[in-house]
Amino acid sequence: MAKQEKVRKRILVIGGDGIGPEVTRWGRRVLEAVAEKYGHEFIFEEGLMGHAAIEATGDPLPEDTLSKARQSDAILFGAIGHPKYDQDPGLKVRPEQGLLRIRKELGLYANLRPIKLFDELLAASSIKPEVLQGADILFFRELTGDVYFGEKKKAEDGSWASDLMIYHTYEVERIARRAFEAARQRRKTLCSVDKANVLESSRLWRATVQRIAADYPDVKCTHMFVDNAAMQLIRDPRQFDVILTANLFGDILTDEASQIAGSMGMLASASIGDGTGFYEPIHGSAPDIAGKGIANPLASILSVALMLQIGFQLQEEAEAVVRAVDQTLKAGYRTVDIADKHTPNHMMVGTDGMGQQIIRFLS
Ligand code: IPM
Ligand code: MG
């Protein structure tokens, strides 16, 4: 085996809100275990974002966090959100603004969300095993455009409000190219999801994707309306390989698709652009279970695998992390969200119990 090159990387860890810090702690521990095993050097810094940052500084994305983010090679993030804001939609300063701003500031325009079921979790999903088995989807969700960042307006008297859904061709082009490149490395099939039968911005999206597709004749490109895609994902998830879609559609479809992977607690994501990458679970802050020590840390740990693979090109290390997850599940360890009474040898563990098993298999 060729001797692996040792790397030295700066990693910013932002735990965020709710279960974020609990699960991210294990993501970091896994990075430390990888560094030790393979002789790499990871230098960690911590930063605040979201409700935690508002409480401490009044700003959901403090300057200190942003400047550390710019100087780091990768960011590991937990989750954002607090019930206080959901109950009061009138609050002007909101935790989510921190996440949206860091995505924009770092130019993280492509959000990769791989949906892959570990065999041991077949029974944990509410979808029939025979429909799920073998499903393997990679979402490319656009992340810095759309109705998320379009102009927001509100009537003085509160009688109406609007969010502008807008796409520029360059925004569609750059993520489409990334998605086609990825499809080339996979099963060479790409489905672009839009609402071109109704929305002007979707017609621009579709025309742009069609134009880019001409540069990738080896990739089969299809187009699907988002309402149909939502249905097809559950009816027959195996028909999809790469799904390319806009910010809002991707937000909704990936939560839905998490059921294909058994639980939201299993899904990792990588947000990338032209600089520092940002790695986070797709699940939220889950305030109802925060602090109870029962949250599943696997999405954070799998986000670390994406960081190693995409951010640092450490393929072997990334595979070792995924293998440790696989072995832990095979050994029967389950957090409550993926518990399945039918697994004969299953052992219930909390956040720390699950994290410790991963470290054990890794080392
Ligand atoms: C996600 C989340 C965020 C989003 C929220 C927290 C702003 O749901 O990353 O999917 O809508 O993008
Ligand atoms: Mg979401």
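It should be emphasised that the depicted structure is a prediction, and the values quoted were computed from it without experimental measurement. Throughout this description, residue numbers start from 1 for each chain and increase along the sequence as written. Each chain takes a letter, starting from A, and each ligand takes a number, starting from 1, following the order in which they are written. With pLDDT at 70 or above as the cut-off, local features in this predicted model cover only qualifying residues; side-chain atom pairs require 80 or more to be listed or tallied, and sums for whole chains, interfaces and linings still use all residues. Side-chain figures throughout are based on the complete set of non-hydrogen atoms in the structure, without hydrogens or water.

Visitor: In this structure, what is going on with the pattern of salt bridges? I would like to understand it.
Guide: Pairing between side chains becomes possible if they bear opposite charge and their charged atoms approach one another. A pair is scored as a salt bridge if a Lys or Arg side-chain nitrogen falls within 4 Å of a carboxyl oxygen belonging to Asp or Glu. For the structure shown, the criterion picks out 25 salt bridges. Note that Glu45 is salt-bridged to Arg10, the shortest N-O span being 3.9 Å. Taken as a pair, Glu45 in strand β2 (residues 41–46) and Arg10 in strand β1 (residues 8–16) lie far apart in primary sequence, 35 residues in all. The salt bridge involving Asp251 is made with Arg141; its shortest N-O contact spans 3.9 Å. Of this pair, Asp251 sits in helix α10 (residues 247–257) while Arg141 sits in strand β5 (residues 136–142), and the two are 110 residues apart along the sequence. The exposure class assigned to Asp251 is partly exposed, which follows from its relative accessible area of 27%. Comment: elements are numbered from the N terminus, with helices defined as DSSP H or I runs of at least four residues and strands as E runs of at least two. The rule is simple: take the accessible area with a 1.4 Å probe, protein chains only, and divide by the maximum for that residue type; under 20% is buried, over 50% is exposed, in between is partly exposed.

Visitor: Before we go on, may I ask you to explain helix α1 (residues 20–38) in this structure?
Guide: In an α-helix, one turn spans 3.6 residues, which is why side chains three or four residues apart end up on the same side. Multiplying one less than the number of residues by 1.5 Å gives the expected span of a helix. Compared with an ideal rise of 1.5 Å per residue, which puts 19 residues at 27 Å, α1 spans 27 Å between its outermost C-alpha atoms and is within 8% of the ideal. For α1, every residue scored as buried is listed here: Gly20, Glu22, Val23, Thr24, Trp26, Gly27, Val30, Leu31, Ala33, Val34, Ala35 and Tyr38. Two residues form a contact once any of their heavy atoms are found within 4.5 Å. If you follow the buried residues of α1, they end up packed against β1, β2, β3 (74–79), α11 (298–311), α12 (315–330) and α13 (351–362).

Visitor: It is not clear to me how the sheet that holds strand β12 (residues 277–281) should be interpreted in this structure. Could you clarify?
Guide: Consider a sheet: its strands pair through backbone hydrogen bonds, and that pairing is either parallel or antiparallel. Strands were regarded as paired on the criterion that DSSP finds at least two bridges between them. Taken in spatial order, the 10 strands of this open sheet run β2-β1-β3-β12-β11-β4-β5-β10-β8-β9, and their pairing is mixed. Bordering the open sheet on either side are β2 and β9 (220–225), each of which pairs with just one other strand. Between one strand and the next, the sheet's axes are offset by a mean angle of 25°, whatever the strand orientation. As paired strands, strand β8 (residues 189–194) and strand β10 (residues 242–245) are joined by four bridges and run parallel to one another. Inter-axis angles, ranging from 0 to 180 degrees, are taken between N-to-C directions of lines fitted to C-alpha atoms, where helices are fitted over the stretch in contact.

Visitor: Which parts of the structure should I look at to understand the site of ligand 1?
Guide: Residues are labelled near a given molecule or strand when at least one of their non-hydrogen atoms is within 4 Å of it. Around ligand 1, a shell composed of Ile80, Glu96, Arg103, Arg113, Arg141, Tyr148 and Asp251 is seen. Contacts described as polar in this section are N or O atom pairs within 3.5 Å, which, within protein, must combine one atom able to donate a hydrogen with one able to accept it, while residues neighboring in sequence count only if both atoms come from side chains. Arg113 is positioned such that a nitrogen or oxygen atom in its side chain is 3.0 Å from an oxygen atom of ligand 1. Per-residue and other accessible areas follow the Shrake-Rupley method at a 1.4 Å probe size, with only the shown protein chains counted as cover for residues. Protein chains shield 79% of the accessible area of ligand 1, which is 320 Å² for the free molecule. Just so you know the grouping, Ala, Val, Leu, Ile, Met, Phe, Trp, Tyr, Cys and Pro go in nonpolar, Asp, Glu, Lys and Arg go in charged, and all remaining residues, Gly too, go in polar. Class assignment of the residues belonging to the shell around ligand 1 gives a composition of two nonpolar, no polar and five charged.

Visitor: Just to check I follow, could you spell out α11 for this structure?
Guide: With 14 residues, α11 should cover 20 Å at 1.5 Å per step; its first-to-last C-alpha distance of 19 Å lies within 8% of that length. Counting buried positions over the 14 residues of α11 gives 11, a clear majority of the element. Listed as buried for α11 are Leu298, Ala299, Ser300, Ile301, Leu302, Ser303, Val304, Ala305, Leu306, Met307 and Leu308. One or two positions beyond α11, positive phi appears at Gln313, with a value near 55°.

Visitor: What am I meant to see in the pairing of β1 here?
Guide: In summary, the side chains of a regular strand alternate between the two faces of the sheet. Sheet topology places β1 next to β2; six bridges connect them, and they run parallel. By the bridge assignment for β2, Arg8 is matched with Glu41. Handedness of a crossover is defined as follows: with both strands directed away from the viewer, a clockwise route from the first strand across the helix to the second makes it right-handed. Handedness of the crossover is the feature at issue here: the chain leaves β1, passes through α1, returns alongside β2, and the resulting connection is right-handed. As paired elements, β1 and β3 share five bridges and run parallel to each other. When the bridges of β3 are listed, Ile14 appears paired with Phe77.

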